[in-house]
Amino acid sequence: AKASDALLKRRPLYPVVDLLGATAAVSLALGASPPAAASSAGQQRHGASSTAVVGGTGRNLSGFAELAKQQVVLSPDAVLAEREDPTGEALFGVVFGNGPMPAHAEGLYFEVVVEETCDGEDGLAIGATATPADPAAAFETADQVPDCVCVDFDGAVFSSTTSEFAGVEWRPAELRKGDRVGVLISEAGAAQVLVNDRVVAKASDAL
């Protein structure tokens, strides 16, 4: 079994995105692979969907989870998440994946596509959590999610392991419509955020 499969069996991780600031809507790129996996396999990036293995039972990440208390509207197929507040200033824009991050040779990976933007000093937050979606839960911002690592709105990596923010050069507010944003978690728990296949932020021992 792949190392990422072993990681999933021990501790599944779930996508988490916070729609705040300049990013108003994203879609989940089903079947996306980390760049190295796609190139080594000689396949297109958006091919057949990956299957995450959790406790020996296959489960697919097929969209975002419905959370009644969050200020986000999902499309009927749950692939598109759109913020209710047009200004980007309201909180409670956190959404989770409805299944674990798919496993690849490089680790666990998911990707979203920016579908709508607006003016704003801050951008989205994106990362991973060991906490599955709870329909009754409410989170003002992504850094309140337990067991989470994410790159936050103004360009800082937050990990609940350390409860600290570390600055990065990437600014999420600079994302534009059509940009692809991915999160890769290695077997060792290190996190990478990629924009259009380019690594823009890293965090070691994040989860």
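Residues numbered from 1 in each chain as written. Predicted model: local features only at pLDDT ≥ 70, side-chain atom pairs only at ≥ 80, totals over all residues. Heavy atoms only, no water.

Asker: Before we go on, may I ask you to explain the overall build of the protein chain in this structure?
Answerer: Of regular secondary structure, the protein chain possesses 2 helices and 16 strands. For the protein chain, with 207 residues in total, the buried portion stands at 54%. For the protein chain, the share of sequence-separated contacts (at least 6 apart) that also reach a separation of at least 24 residues comes to 66%. Split by element, the accessible area of the protein chain, about 9,000 Å² in all, is 49% carbon and sulfur. (Helix = DSSP H or I, 4+ residues; strand = E, 2+ residues; numbered from the N terminus. Buried < 20%, exposed > 50% of the residue type's maximum accessible area, 1.4 Å probe, protein only. Contact = heavy atoms within 4.5 Å. Areas by Shrake-Rupley, 256 points an atom, 1.4 Å probe, with all protein chains shown as cover.)

Asker: So what exactly am I meant to see when it comes to the pattern of salt bridges here?
Answerer: Where charged atoms from two side chains of opposite charge approach closely, those side chains can pair. Taken as a whole, this structure holds 2 salt bridges when the rule is applied. Its salt-bridge partner being Glu111, residue Arg180 comes within 3.6 Å of it at the nearest N-O pair. Separated by 69 residues along the polypeptide, Arg180 in strand 14 (residues 180–185) and Glu111 in strand 9 (residues 107–117) bring together distant segments of the chain. Glu111 shares its class with Arg180; the two are buried. With a shortest N-O distance of 3.1 Å, Arg180 and Asp197 are connected by a salt bridge. In this pair, Arg180 sits in strand 14 while Asp197 sits in the loop between strand 15 (191–195) and strand 16 (198–203), placing the two residues 17 residues apart along the sequence. You can call Asp197 partly exposed: its relative accessible area is 33%. A single network of salt bridges, built from pairs that share partners, joins Glu111, Arg180 and Asp197. (Salt bridge = Lys/Arg side-chain N within 4 Å of Asp/Glu carboxyl O.)

Asker: So what exactly am I meant to see when it comes to the environment of Gly31 here?
Answerer: Within the secondary structure layout, Gly31 lies in the loop between strand 2 (23–28) and helix 2 (35–41). Residue Gly31 is classed as buried on the basis of its relative accessible area, which comes to 10%.

Asker: Looking at this model, I keep getting lost on the side chain of Thr129. Mind explaining?
Answerer: In this structure, Thr129 sits in strand 10 (residues 125–129). Given a relative accessible area of 0%, Thr129 falls into the buried group. A polar contact of 2.8 Å, which involves the side chain of Thr129, links it to the backbone oxygen of Pro146. A distance of 3.1 Å separates a polar side-chain atom of Thr129 from the backbone oxygen of Asp147. (Polar contact = N/O pair within 3.5 Å; in protein donor to acceptor, adjacent residues only side chain to side chain.)

Asker: For this particular structure, what's the right way to read the packing of aromatic side chains?
Answerer: Any pair of aromatic rings gets described here by the distance separating the centres and the angle formed by the planes. Using the criterion set out here, one finds 1 aromatic pair in the structure. Note on Phe96 and Phe139: the rings are 5.9 Å apart at their centroids and 45 degrees apart in plane angle, and the pair reads as tilted. On the criterion of sequence distance, the pair formed by Phe96 in strand 7 (residues 94–96) and Phe139 in the loop between strand 10 and strand 11 (148–152) is long-range, its members being 43 residues apart. Across the pair, exposure class does not vary: Phe96 and Phe139 are buried alike. (Phe/Tyr/Trp six-rings, centres within 6.5 Å; stacked < 30°, edge-to-face > 60°.)

Asker: Please explain the environment of Ala201 as it appears in this structure.
Answerer: Mapped onto the fold, Ala201 is located in strand 16. Overall, the relative accessible area of 5% leaves Ala201 in the buried class. Those residues in contact with Ala201, other than ones at most four positions away along the chain, are Val151, Val157, Val168, Ala191, Gln192 and Val193.

Asker: Before we go on, may I ask you to explain the side chain of Asp179 in this structure?
Answerer: The residue Asp179 is located in the loop between strand 13 (164–167) and strand 14 in this model. Despite its burial, Asp179 pairs with no opposite charge, the nearest such side chain being Arg176 at 6.6 Å. At a separation of 2.8 Å, a polar atom in the side chain of Asp179 contacts the main-chain amide nitrogen of Arg176. If we ignore the near neighbours within four places in the chain, the residues touching Asp179 are Val112, Val113, Val114, Glu174 and Asn196. (Lys, Arg positive; Asp, Glu negative; His and termini not counted.)

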